[in-house]
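If you want the building blocks of each chain, they are given just below.
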Amino acid sequence: MSVSHTTPCEYTLVEKPIIDILGNFMPKYRWLKRSQNEIARDGLNHVLLRDELIGALVRINGIPEEVARQVYFDLLALTDNSVWTSYLRSNYSRHVPGEATKKTIHLIDFLNPDNNTYVVTNQLTVVAQKTRKPDLVVYVNGIPLVVIEAKSPLSAKNKTGEAFEQIKQYERDIPRLFYSNLLNIVTDGNATLYGATGAPSQFWGRWRDAWPRTEKEFPSELDMAMWSLLEPSRLLDMLAHFVVFETREEATVKKICRYQQFRAVNKIVDRVVEGEHRKGLIWHTQGSGKSLTMVFATLKLKSHRTIDSPNLTSPNILVVTDRIDLDGQITKTFQACGLPNPKQME
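Nothing here was measured: the structure is a model prediction, and the numbers come from that model. (Residues numbered from 1 in each chain as written. Predicted model: local features only at pLDDT ≥ 70, side-chain atom pairs only at ≥ 80, totals over all residues. Heavy atoms only, no water.)

Peer 1: Quick one: what's the story with the packing of aromatic side chains, residue by residue and with numbers?
Peer 2: Under the counting rule described, the total for this entry stands at nine aromatic pairs. Ring geometry for Phe164 against Trp204: centres 5.1 Å apart, planes inclined by 90 degrees, an arrangement best described as edge-to-face. Taken together, the positions of Phe164 in helix α6 (residues 159-173) and Trp204 in the loop between β8 (192-196) and α7 (221-230) put the pair 40 residues apart, joining distant regions of the chain. Across the pair, Trp204 and Phe164 agree in class, each one buried. An angle of 45 degrees between the planes, with centres 5.6 Å apart, marks the rings of Phe242 and Phe296 as tilted. (Phe/Tyr/Trp six-rings, centres within 6.5 Å; stacked < 30°, edge-to-face > 60°. Helix = DSSP H or I, 4+ residues; strand = E, 2+ residues; numbered from the N terminus. Buried < 20%, exposed > 50% of the residue type's maximum accessible area, 1.4 Å probe, protein only.)

Structure representation (structure tokens):
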């Protein structure tokens, strides 16, 4: 039995406005109707949009359609979110006829956002032992990256809290929708929260700053939140540089940036690319994520998947602290997040 929690009021007041925001405010998005999302997949127990994905693979990589189909079947077998994230970041290669060595396969074109397809669909039925039907799913090149749960603002209950519980239910009952997931969003049309795949509720938060734009440029808080999180170039930037998997004591936790880290890191990188300023100051409050800001900055400076600049060629990055305990903390964070070859100075 398919279970949907959306009421007609919730569709009118929350779900439909989000579709309109993505379609009008961000015209790169295309709305895939419910009847269309069913035939776009190999079955209701599948979540990839087959032809959308195969077409993107051919277009971005210049490979034959038959090879793109083989990649599609490779991706169907992936069940780990960290491996999916690595593949999405182009850490994936395979043999292609006519090529002497394995060819890197790009699932997403980070340097040219317009070369990707962006789709939002609603009421996506996913058949499993407990069939579920999330309100909205955002796709890039046929790959589901964001699940949005919308609740009516007219109810006296804390609908944001209820929506969060439904996301947890979806993660449990239809896990294949979250294998490739970047982040999830819950909203009642006013308050909007986002969190990484599998994140407990205490680690969800609002995106409070639309830098480099201002709040006055948006007609509503919902418009600002959707643009901040889902505008194509920002969404790809977050996927490419602002997600880490931190492993401590054999437990791995996925972490995604907060708005102040996104802003700070991009200001750092912009200065390096422009080459006009050789220094700058970022003010942090206690507990605002200093170590992760340095991790995200290093990740973007080293990999710079969304930027093609000679100023970012093989940079060496030195992190200096003023306390021994902070030095150890940052070193452990870099190591736990899997950044290559971090070395603590003696």
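Still more to cover.
Peer 1: Describe the side chain of Asn122, and please don't skip the residues or the numbers.
Peer 2: Note that Asn122 resides in strand β4 (residues 118-122). Ignoring anything within four residues of it in the chain, the contact list for Asn122 reads Tyr11, Glu15, Ile19, Trp31, Leu32, Lys33, Arg34, Asn37, Asp135 and Leu136. (Contact = heavy atoms within 4.5 Å.)

Peer 1: Mind laying out helix α3 (residues 50-61), listing which residues take part and the relevant values?
Peer 2: Look at α3: 16 Å from first C-alpha to last across 12 residues, which is about the 16 Å you get at 1.5 Å a residue. Within α3 the residues assigned to the buried category are Arg50, Glu52, Leu53, Ile54, Ala56, Leu57, Ile60 and Asn61. Turning to α3, the residues buried within the fold contact β1 (29-32), α4 (65-76), β3 (103-104), β4 and β6 (143-150). Downstream of α3 by a residue or two, Gly62 has a phi angle that is positive, lying close to 65 degrees. (Expected span 1.5 Å × (residues − 1).)

Peer 1: Can you break down the sheet that holds β4 residue by residue, with the values?
Peer 2: Taken together, the six strands give an open sheet; going across it, the order is β1-β4-β5-β6-β7-β8, and neighbouring strands pair in mixed fashion. The open sheet has two edge strands with one neighbour each: β1 and β8. Shown here is a sheet whose adjacent strand axes are inclined to one another by a mean of 25 degrees, direction ignored. Of the strand pairs in this sheet, strand β5 (residues 136-140) and β6 are connected by five bridges, and their pairing is antiparallel. Paired with Val137 across the bridge in β6 is Val147. (Pairing = 2+ DSSP bridges. Axes fitted to C-alpha atoms, helices over the stretch in contact; angles between N-to-C directions.)

Worth remembering: the numbers are spatial, not functional.
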